[in-house]
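Examining the three-dimensional arrangement
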Amino acid sequence: MLSYLAKRLAGFVPLLLGISFVSFLVMAMAPGTPVDLMTDLNPKASPEARERLEKFYGLDQPLYVQYGLWLGRIVQGDLGTSFSRDRRPVLDKIAEALPITLFLNVLDLALILGLAIPIGIYSAARQYSLVDRATTVFVFIGFAMPSFWVALLAMMLFGEQLGWLPISGLRSLDYDSMSALGQIGDRVRHLILPVGIAALTGLAGLSRYMRSSMLEVLRQDYIQTARAKGLSETVVVYRHALRNALLPVVTILGLSIPGLIGGSVIAETIFAIPGMGRLFYTSVLMRDYPVVMGITLIGAVLTLLGNLLADLMYVAVDPRLRKR
Amino acid sequence: MSKVSTVSDVSDVRGTNGKRLLDVRGLATAFDTSEGIVRAVDGVDFHVGEGETVALVGESGCGKSVTALSILRLVQAPAGRIVAGRIELAGVNLLELPEAEMRKVRGAKIAMIFQEPMTSLNPVLTVGYQIAEAVRLHRGLSKREAWKEAVRVLDLVEIPDAAERAAGYPHQLSGGMRQRVMIAMALSCDPRLLIADEPTTALDVTIQAQILELLDSLRARLGMALLLITHDLGVVAERAERVLVMYAGRVIEEGPVDRVFAEPHHPYTRGLLRSVPRLGRERAPLATIPGVVPKLNALPAGCRFRDRCDAAVAECASVDPALEPLGEGRRVACIVATRRGGLES
Amino acid sequence: MLRRLLRNPLAAAGGLIVLALFAAAAGAPWLAPYDPSDFDAAYVLDGPSVRHLLGTDGLGRDVLSRMLFGARVSLMVGFVSVGIASLVGVTLGAVAGYFRGVVDTVLMRFVDVMLTFPTFFLILAVIAYLDASIWNIMLVIGLTSWMGVCRLVRAEVLSLRERDFLVAAEALGMKPSRVILRHALPNAMAPVFVAGILGVAGAILVESALSFLGIGVQPPQPSWGNILTEGKSTLGVAWWLSVCPGLAILITVLGYNLLGEGLRDVLDPRLRAR
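Note that residues are indexed from 1 along each chain, following the sequence as it is written. As a convention, the first chain written is A and the first ligand written is 1, with the rest following in written order. In view of the model being predicted, local features appear only for residues whose pLDDT reaches at least 70, and side-chain atom pairs are presented and counted only at 80 or more, with totals across whole chains, interfaces and linings using the full set of residues. Values shown for side chains rest on all heavy atoms present in the structure; no hydrogens or waters enter the calculation.

**Quick word on the pairing of strand β1 (residues 20–33) of chain B**
All names here are of chain B. For two strands to be treated as a pair, DSSP must find at least two bridges joining them. Secondary structure is summarised from DSSP: a helix means a run of H or I of at least four residues, a strand means a run of E of at least two, and numbering begins at the N terminus for each. Two strands pair when backbone bridges link them, and β1 and strand β2 (residues 36–49) are joined in this way by eleven bridges, in the antiparallel orientation. Among the inter-strand pairings, A30 is bridged to a residue of β2, identified as R39. Linking β1 back to β2 in an antiparallel pair, the connection comprises two residues. Bridge analysis of β1 against strand β4 (residues 80–89) gives eight bridges, and the strand direction is antiparallel. Of the residues in β4, the one forming a bridge with D23 is E88.

Here is the structure:
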């Protein structure tokens, strides 16, 4: 098991290098240099100042040297400073926003898994039943619905019309004057819409995947064996089929992480949540390249970590990988 | 060959006079397919006596496996279902049992082993667990006792280091070993009937003999009946007392193995036997049966075999022959053979 | 094949939706009751009526007309981005599968890297540099969604490369590259085609999201996404601005998905039995 993980980890090194290289290339492709942009904002900058800046960023060096320098800085955790007025280190800005995004995504994932797995199991075990057909319809529609549109409709319905739920931010203005219990309730109320809507697409996809994975497993010979033993259908499904059906789901979960993280841009922007997604969006609008690149890089690294987590889960479920 | 005759001598007595354990009457199992409803099993009659070994033979697709699954009511709904017939186990019609009662039959009174040992065991559960599970369910043993029992039956099927193997997973075992595990699992609850669906087809030739030998000796020791499904006529000759020949969803010939092999009545059985290569007769060209098995949803009128039959007469096109007794515990579904047999006796 | 596709009611419905969309996009100039950029000053933010079937927006423009022209944007973005993605994917996949070895390893690693980036991040990052325009959007979506097709084609070419008859063909002096072109690519085309149809749906979703966020198709050019942007700012006042374009996106994406899934069932005999 350890050697398997070691191998996977070793595989991540070239991936990380590739990620950094693509990030750097995208940055290098940008029209104009960072110095142009900085000096554009400050018309009083002298040519000497420009030169100083260019030297500082290594722009007078050939591209591969620039990449090396840049990589060196990245490894030390230096993602540069934001172009925005506050001029803060990119890493600080991300570190502030990241926990919120992670928290939301973990909630999303928990909600998706908590619903999709039972739905998938149920519709597979009772293929062509009413619930199964309803699930299929929901899956197709859920897959086709633009999440930002659903968010819009939900805001209209629950926020404006019914006034049940807050539609922006993570807490109310009078949060500080609330009791402890009230504060928790306020948080929860703020989370319902963003988390629920972000989970919708993933829920559709995963229930469908879980269903087909379960159907595939239920066709296997060992399920026949289990039935021939006289086990009840419940035991057959939950004891014998479920773990096998979860294996491909774990894989797909790892693969779906980039989509989930990317999706936070939309959810956080619409619901005005100060997470990494919204930071990314505002940085794109303001052409704050260091922040944009920093977040892109972090997003890729998060995906890698997610994949590693999926690998660990896989090993935990599948004995065939354990003793290698 | 001498061994065959001794085995079948005994079987004649038991097979024909012994108590009937399993009695299948008019069994029909249908499947919904994209091309309409197909009756994979279409009116099958046979019985298995206590402690008897009966072989069910036929080409692939003739309905052997579906018959076996039907006995255990494991044909998967909604695509497949049993549409007619009775399946009596010691006088109880299994088709009328509620599902919960049927589950007490599966594994406990009738056990089954399958063709593919590589895929018949659950890859994420330990071997011991998979056996102990059945023991706990049917014999009500505690977890620990059931585990001990699992180790005992693994030992019984001659798996070395049974205690250690029990804690391992199927992927650590070879195909032959996995089939032994399947046998152990099947025997763990002392069933009265074991259905073995092509138990050796997927195995190496050398392993095949071992597994068959094991099955045979355990059957004798435990006094259970064995319904052996196979397309290997050599296996039939060596292990079975009676043989049932299936063609296109029907049993078309039935009788003691030595009698049927010595003097097959149905033209299909004759063809089947002729197509088996034998040592010492290398010169003679191997016969084949002309044509192909008809599609089950496009069966010819009258006898299902007539298109391929070398003995067909005009009447075969209109009469769908039933399985008629011919004496000596033999039956055949062929009007030509019945007439000839009638004349002889 | 067409008959089998039509026999599947869901796929047929999908095909019908797609056809209707083509018709709407092609006929937009004639079908639209108004010029999409004409102001009807007396009817600003007016709800659906006989005069304006789907109401008007904040500038008094006819929503139905804008949506019909928006259909053109969706269609174009969908097909051009998928075209770019397929071109890149098929080329790189064929190259990787054909040359194997180092070329294959490098290319596949590159695919892994591309798959690691959250696509939406990558798209936004590039758009931060380029100007948001329909052409850039199509280019960026295309260049960030070719990886699946690449893997498909590579697998197909690779499996053919390993087969005996290719060795035989080479021994006979035939150019293996020709054999690959003649045999492997046509084989791979069915799944590529299905992936393409499903990809159109994906691209339309991404474009509408970008336009909604204000970094996609720029007003005054109408797109379903940017009509929704206005819907957001007039939430509770003009429901038709939020509901109609969203429904259009939903139905469009549903249509392509149904058609794609139906095609997959028809083209892939291995899946047909299920």
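**Some remarks on the confidence of the model for chain C**
Residue and element names in this part refer to chain C. Chain-level statistics for chain C give a pLDDT mean of 84 and a share of 96% at 70 or above. Confidence per residue, as judged by the predictor, is encoded in pLDDT with a range of 0 to 100. The element-level mean pLDDT for chain C is lowest in helix α13 (residues 269–272), coming to 49, with helix α4 (residues 63–99) highest at 91. Here the predicted complex carries an ipTM of 0.86, next to a pTM of 0.83.

**Quick look at helix α11 (residues 276–285) of chain A**
In terms of residue burial, α11(A) counts as a mostly covered element, since seven of its ten residues are buried. Accessibility here uses a 1.4 Å probe with only protein chains present; expressed as a share of the type maximum, an area under 20% marks a residue as buried, one over 50% as exposed, and anything in between as partly exposed. Those residues of α11(A) that sit buried are A:M276, A:G277, A:L279, A:F280, A:Y281, A:S283 and A:V284. Residues are treated as being in contact if the distance between any of their heavy atoms lies within 4.5 Å. The secondary structure elements touched by the buried residues of α11(A) are α5 (90–125), α10 (233–270) and α12 (289–317) of chain A together with α6 (119–129) of chain C. Directly beyond the C-terminal end of α11(A), a positive phi value near 55 degrees is found at A:R287.

**Digging into the packing of helix α4 (residues 127–139) of chain B against helix α7 (residues 175–187) of chain B**
Residue and element names in this part refer to chain B. Following both chains from N to C, one finds α4 and α7 inclined at 20 degrees, their axes separated by 8 Å at the closest point. Between α4 and α7, the interaxial angle falls into the category roughly parallel. In the packing of α4 onto α7, the handedness of the crossing is right-handed. Here V127, Q130 and I131 of α4 come into contact with α7, specifically with V181, A184 and M185. Each residue is assigned to one of three groups, with Ala, Val, Leu, Ile, Met, Phe, Trp, Tyr, Cys and Pro labelled nonpolar, Asp, Glu, Lys and Arg labelled charged, and all others, Gly among them, labelled polar. For the contact of α4 with α7, the residue count by class is five nonpolar, one polar and no charged. Working convention: axes come from line fits to C-alpha atoms, limited for helices to the stretch in contact. Angles between N-to-C directions cover 0 to 180 degrees. When an angle is under 35 degrees it counts as roughly parallel; over 145 it counts as roughly antiparallel; between 65 and 115 it counts as roughly perpendicular; any other value is oblique. Rotating anticlockwise by less than a right angle from the far helix to the near helix defines a left-handed crossing, while the corresponding clockwise rotation defines a right-handed one.

**What about the environment of C:Y256?**
Residue and element names in this part refer to chain C. For Y256, the location among the structural elements is in helix α12 (residues 239–267). Take Y256: its relative accessible area is 0%, and that puts it in the buried class. The sequence separation of Y256 and G14 amounts to 242 residues, and the corresponding C-alpha distance is 6.1 Å. Setting aside its immediate chain neighbours within four residues, Y256 contacts V18, L21, F22, L75, F79, I197, L198, V200, A201 and I204.

**Structural notes on the packing of helix α7 (residues 147–161) of chain A against α12(C)**
At a minimum axis separation of 10 Å, α7(A) and α12(C) run at an interaxial angle of 150 degrees. The angle between the axes of α7(A) and α12(C) places the two elements in the roughly antiparallel class. Judged by the twist between their axes, the crossing of α7(A) over α12(C) is left-handed. Counted together, A:F148, A:W149, A:L152, A:L153 and A:M156 of α7(A) and C:W239, C:S242, C:V243, C:G246, C:L247, C:I249 and C:L250 of α12(C) form the full contact between these two elements.

**Re the interface of chain A and chain C**
Every contact between the two is made by 49 residues of chain A and, on the other side, 42 residues of chain C. Two parts placed together each lose some accessible area under a 1.4 Å probe, and the buried area is that loss summed for both. Here chain A packs against chain C, burying approximately 4100 Å² in sum over the two surfaces, 79% of which is carbon and sulfur. Looking only at chain A, the three residues that lose the most surface to chain C are A:F140, A:F148 and A:W149, adding up to 15% of its buried area. For this document, the term salt bridge refers to a Lys or Arg side-chain nitrogen within 4 Å of an Asp or Glu carboxyl oxygen. Counting every contact that joins chain A to chain C gives one salt bridge. For C:E261, the salt bridge goes to A:R208, with nearest N and O atoms at 2.4 Å. Polar contact criterion, stated in full: a pair of N or O atoms within 3.5 Å, where within protein one must be able to donate a hydrogen and the other to accept it, and residues adjacent in sequence count only if both atoms are side-chain atoms. At the junction of chain A and chain C, the tally comes to four residue pairs in polar contact (both at pLDDT 80 or more). For the side of chain A that touches chain C, the secondary structure elements donating two or more residues are α1 (2–29), α6 (130–144), α7, α8 (180–218), α10, α11 and α12 of chain A. By residue class, the composition of the side of chain A that touches chain C is 36 nonpolar, eight polar and five charged.

**Some details on the packing of aromatic side chains**
Residue and element names in this part refer to chain A. Centres within 6.5 Å are what make two rings of Phe, Tyr or Trp a pair, Trp counting through its six-membered ring; a difference in plane orientation under 30 degrees is then read as stacked, over 60 as edge-to-face, and the rest as tilted. Evaluation of the coordinates by the stated rule reveals 15 aromatic pairs over all chains. Where F21 meets Y67, the ring centres are 5.3 Å apart and the plane angle is 85 degrees; that geometry is what we call edge-to-face. Residue F21 is located in helix α1, and its partner Y67 is located in helix α4 (residues 63–75); the two are separated by 46 residues in the primary sequence. For F21, a relative accessible area of 40% corresponds to the partly exposed category. Here a set of aromatic residues connected by ring pairs shows up, and it is made of F21, F24, Y67 and W70.

**Side note on the confidence of the model for chain B**
On average, residues of chain B carry a pLDDT of 85, and 90% of them reach 70 or more. In the predicted structure, residues 1–17 of chain B sits below a pLDDT of 50 and forms 19 contacts with residues beyond four places in sequence or in another chain.

**A look at the sheet that holds β1(B)**
Read from one edge of the open sheet, four strands run β2-β1-β4-β5 (chain B), paired in antiparallel fashion. Of all strands in the sheet, those bounded by a partner on one side alone are β2 and β5 (92–93) of chain B.

**Quick word on the environment of C:P33**
Residue and element names in this part refer to chain C. Within the secondary structure, P33 sits in the loop between α3 (28–31) and α4. Overall, the relative accessible area of 47% leaves P33 in the partly exposed class. As for P33 and L68, which are separated by 35 residues in sequence, their C-alpha atoms are 9.8 Å apart. When neighbours within four sequence positions are excluded, P33 is seen to be in contact with D62, L64 and S65.

**Quick notes on the nonpolar core**
Among the nonpolar cores identified, the biggest contains 124 residues, and A:F148, A:M276, A:F280 and C:Y256 are the most heavily contacted of them. The leading source of residues in this core is α12(C), at 13 residues. In this document the domain limits rely on a domain assignment from an automatic tool or a database. For this core, the two domains that each supply at least three residues are domain 1 (2–75) and domain 2 (94–323) of chain A. Take the buried residues of types Ala, Val, Leu, Ile, Met, Phe, Trp, Tyr and Cys, join any two whose side-chain atoms come within 4.5 Å, and each joined set is a nonpolar core. In this structure, B:I110, B:M182, B:L203 and B:F305 belong to the second largest nonpolar core, which totals 101 residues.

**What about unusual backbone geometry?**
Excluding glycine, most residues fall at negative phi; most peptide bonds, likewise, are trans. Cis geometry marks the peptide bond from C:P219 to C:P220; its omega dihedral reads 10 degrees. Along the chain, C:P220 falls in the loop between α10 (176–212) and α11 (224–233). Non-glycine residue B:E198 carries a positive phi angle of around 45 degrees. Mapped onto the secondary structure, B:E198 falls in the loop between β7 (193–197) and α8 (205–222). Classification of B:E198 as buried rests on a relative accessible area of 6%. Its identity as a non-glycine residue notwithstanding, B:E328 has a phi of 60 degrees, on the positive side.

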